[in-house]
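# Summary of structural features
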Amino acid sequence: MSKEEAYITSEEMAALDENCTFFGLSSLQLMENAGACIANEINKHFAEKGKIGDKKVKVTILAGKGNNGGDAFAAARHLHGKPLLSLSGKPLQGLRGCGAEPHTRERGQSPRFRGQRGEAPLFDVKILLIGRSHELRTEETKRNWRLVQESGYDVDEIADSSSLKAAAATVNASDVIIDAIFGTGVKGKIREPEATAIDLINGSQAFVIAVDIPSGLDPDTGEAEKAVKADLTVTFHKPKRGLLEKVAAEYVGELVVADIGIPEGLERLAGPGDVRLVLKRDPRSHKGDNGRVLIVGGGPFFGAPALAALAALRAGADWVTIAAPQSVSALIASFSPNLIVHPLSSEILVEEDVPVVLNLITEHDVVVIGMGLGAAEETKRATKLIIEAEASKKVVVDADGFFGLYLPLQTKPLQGLRGQRGGAPLFRKSLIKNASQEDKLVIVTPHAGEFAKMQIGGEGLNVVVPPEDRMEERIDFVSDFSRQNNVVTLLKGQTDIIADGTRVKLNRTGNAGMTVGGTGDVLAGITGAFFAISSDPFKAATAAAFVNGTAGDLAFNEKGYGLLATDLIETIPRVIKDFR
């Protein structure tokens, strides 16, 4: 398992949760599985320790208003009033999704059930909701709250710190405290009454089990101003990145990673959660803050760059400019008054145009190059200079742009190309934040046949892409290609494959009607729009593939096999509105 696969960030986990719902694995089922796993760990601990006797184990749940609280409410139902384990010490039939195994980074030894004599443990559960029930944030949490409340469980709603302090005796008398106050969404300073709740937990002598992450701990950095100090943390699916940091050790205690039933294959699928990772628009933003995209295309074909530019605008880019040969610039501008077209000097892209294009690049966040450029040798040389120039920090290469793509990619300063004022370069300071001269992030969007256009391995290699019926080989090929050439690859096909050499995503949206010309140009434009606002080309490419395919599916529902690339463009806003 690679370092990146060994953990998951809080954002990625939220995206995965959303994708699970999209593909049919409900949040309610995941919550049920999580609750069963928490109960299983508590039961194993007390069964092994021999602390049962004739008395019930007192369990106090301190729950917040989000899904973490819902996980704990589900756990209460698995604990309350009946044993979770059989007399033989084996889990009862029907407990699914609780394949919890201790992570290699532990404090002490993992609890291992060895069986017991006499009865399995019984639990006396008390639930303290930090807040009011009408403030519960998700439908799944509300449903689990109603279940425990209507079933007669001992529940209290804690509105303020004084009410919580009044419950201190209950907390202090507990054998087990389940910390379910905050999940992975916690940010900033801990407020009241949650701050007092954390103090009460840390001041008790109970065995403390944290749900997914100790409340107050930053899930991605492991840092905390105030956080629960757990004896055991049960995290779900994969460790959150912060749990593995040394600074978090005193809060995490022993770490158990619980399988809550998310299939490995589902984690690979692109979905609406991946779109949400990329599209985060600040309502206070100004023109240009949400992406400036430069399209370099046109010459023999003038529709392709127009399609890419319109797709970028529909995908949310604030500003899109097309740099096109003079011969077609007026035609491209006539497609829409929304297009900004910068005429170049000739009938095709030539080397003399490169300084002008690079000057435009420094005024934009990303350059998308290739659509409709043609295969003239002079155009190929100009394209290569643009892709490899230091000014080109974030690049999407498509179609005829592959003729100028020499791999593995080299970043070269532009030599001997000067602007028009006394021979001085016309480059302005780049708009890309925190980018050094060495930074270059490239997304390539080929279909299988377009690898032949690329110059791979210096003199060019004959690359054969495995067919779609050998999908695992195809995935390995794309991953290896990306790693060896330092690019993110979005291989278009019946199943799109997105890889950066470490991570892989599969997109299965789209349909046979999208074989019509221009849909690849639309995808390139969407990719450029998302890459303009994202620092992670892999995430941008994944989101773009999903949006493009979903837009195609909506268009196909209306147009059938008569759909056009322009139909996809018109459905892009509907997709993004549903999934952002």
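A quick note: this is a predicted structure, and the numbers were derived from the prediction, not measured. (Residues numbered from 1 in each chain as written. Predicted model: local features only at pLDDT ≥ 70, side-chain atom pairs only at ≥ 80, totals over all residues. Heavy atoms only, no water.)

## Let's talk about the overall build of the chain
The line we're drawing: Numbering of helices and strands runs from the N terminus; a helix is a DSSP stretch of H or I covering at least four residues, while a strand is a stretch of E covering at least two. Burial here depends on accessible area, computed with a 1.4 Å probe over protein chains only, as a share of the maximum for the residue type. Under 20% is buried, over 50% is exposed, and the range in between is partly exposed. Note on definitions: a residue-residue contact is assigned when non-hydrogen atoms from the two residues lie within 4.5 Å.
Counting its regular elements, the chain contains 18 helices and 19 strands. For the chain, the proportion of its 580 residues judged to be buried stands at 56%. Across the chain, the fraction of contacts at a sequence separation of at least 24, relative to all contacts at a separation of at least 6, is 75%.

## Quick word on the side chain of asparagine 68
Our working rule: Polar contacts, as used here, are pairs of N or O atoms within 3.5 Å; protein pairs need one atom able to donate a hydrogen and one able to accept it. Residues neighboring in sequence count only if both atoms are side-chain atoms.
Mapped onto the secondary structure, asparagine 68 falls in helix H3 (residues 67-79). Residue classification places asparagine 68 among the buried residues on the basis of a relative accessible area of 7%. Side-chain polar atoms of asparagine 68 contact the backbone oxygen of valine 211, separated by 3.1 Å. Aside from chain neighbours lying at most four places away, what touches asparagine 68 is Asp179, Ala180, Ile181, Phe182, Gly183, Val211 and Asp212.

## Thoughts on empty space enclosed by the protein
Inclusion rule: Within this scheme a cavity is a closed region of a 1 Å grid, computed over the protein atoms alone, that accommodates a 1.4 Å probe without allowing it to escape, whereas a pocket is open but has protein on both sides within 12 Å along at least five of seven lines; lining residues each have an atom within 4 Å of a point. Grid points are joined across faces, edges and corners, and a volume is the space filled by probe spheres set on the points. Residues are grouped as follows: Ala, Val, Leu, Ile, Met, Phe, Trp, Tyr, Cys and Pro are nonpolar; Asp, Glu, Lys and Arg are charged; every other residue, Gly included, is polar.
Scanning the entire structure with this criterion turns up one cavity of 30 Å³ or more. Of the voids in this model, the largest cavity is the one considered here, and its volume is about 30 Å³. Looking at the largest cavity, it is lined by 10 residues, and the ones nearest its centre are Ile361, Asp365, Val366, Val367 and Lys394. Of the residues contributing to the lining of the largest cavity, the split by class is five nonpolar, two polar and three charged.

## Thoughts on the sheet that holds strand S15 (residues 441-444)
Here is the rule we go by: Between any two strands, pairing holds if DSSP finds at least two bridges. Structural elements are reduced to axes, namely lines fitted to C-alpha atoms, with helices fitted over the stretch in contact, and the angle between N-to-C directions of any two is expressed from 0 to 180 degrees.
Reading across from one edge, S11-S10-S9-S12-S13-S15-S17-S18-S19 is the order of the nine strands in this open sheet, with mixed pairing throughout. A strand with exactly one partner marks an edge of an open sheet, and here the two such strands are strand S11 (340-343) and strand S19 (504-507). Across the sheet, the axes of successive neighbouring strands diverge by a mean angle of 15°, strand direction being ignored. As defined by bridge partners, strand S10 (residues 319-324) adjoins S11 across four bridges and the pair is classed as parallel. Across the sheet, the residue bridging to isoleucine 322 is valine 341, located in S11. On top of the sheet, helix H13 (residues 354-361) reaches strand S9 (292-296), S10, S11 and strand S12 (366-369); it is set at about 160° to S9, its chief contact.

## A closer look at helix H15 (residues 471-485)
Put simply, the rule is: Helix span, as expected, comes to 1.5 Å for every residue beyond the first.
Between its first and last C-alpha atoms H15 spans 21 Å; for 15 residues at 1.5 Å apiece the expected length is 21 Å, and the two agree. Those residues of H15 that fall on the buried side of the exposure criterion are Met471, Arg474, Ile475, Phe477, Val478, Ser479, Phe481, Ser482 and Asn485. Its buried side turned inward, H15 meets strand S14 (406-407), S15, strand S16 (455-456), strand S17 (488-491), strand S18 (496-499) and S19. Of the residues one or two after H15, asparagine 486 is the one with positive phi, at around 60°.

## Some words on the pairing of S18
Here S18 shows two buried faces, one formed by Asp496 and Ile498 and the other by Ile497 and Ala499. By the bridge criterion, three bridges tie S17 to S18 in an arrangement that is antiparallel. Looking at the pairing, leucine 491 lines up with isoleucine 497 of S18. What sits between S17 and S18 in their antiparallel hairpin is a turn of four residues. With four bridges joining them, S18 and S19 adopt antiparallel strand pairing. Along S19, the bridge assignment pairs alanine 499 with valine 504.

## Concerning the packing of helix H16 (residues 519-532) against helix H17 (residues 537-559)
Our working definition: In this scheme, roughly parallel covers angles under 35 degrees and roughly antiparallel covers those over 145, while 65 to 115 is roughly perpendicular and the rest are oblique. By convention, the crossing between two helices is left-handed when the near helix turns anticlockwise from the far helix through less than a right angle, and right-handed when the turn is clockwise.
Relative to each other, H16 and H17 sit at 140°, their axes nearing to 8 Å. Comparing their axes, H17 and H16 come out oblique. Here the hand of the crossing between H16 and H17 comes out right-handed. Packed against H16, whose contacting residues are Thr519, Val522, Leu523, Ile526, Thr527, Phe530 and Phe531, the element H17 presents Pro537, Ala540, Ala541, Ala543, Ala544, Ala545, Val547 and Asn548 at the interface. Class assignment of the residues belonging to the contact of H16 with H17 gives a composition of 12 nonpolar, three polar and no charged.

## Examining a nonpolar patch on the surface
As a reminder of what qualifies: Patches in this entry comprise residues that are over 30% relatively accessible and not in a salt bridge; like charges within 9 Å are linked, as are nonpolar side chains (Val, Leu, Ile, Met, Phe, Trp, Tyr) within 5 Å. The Shrake-Rupley method, run with a 1.4 Å probe sphere, supplies the accessible areas, and residue values consider only the shown protein chains as cover. The term salt bridge refers to a pairing of a side-chain nitrogen on Lys or Arg with a carboxyl oxygen on Asp or Glu at a separation within 4 Å.
A surface patch of nonpolar side chains, about 270 Å² in accessible area, is lined by Phe302, Leu331 and Phe335. Take phenylalanine 335: its relative accessible area is 44%, and that puts it in the partly exposed class.

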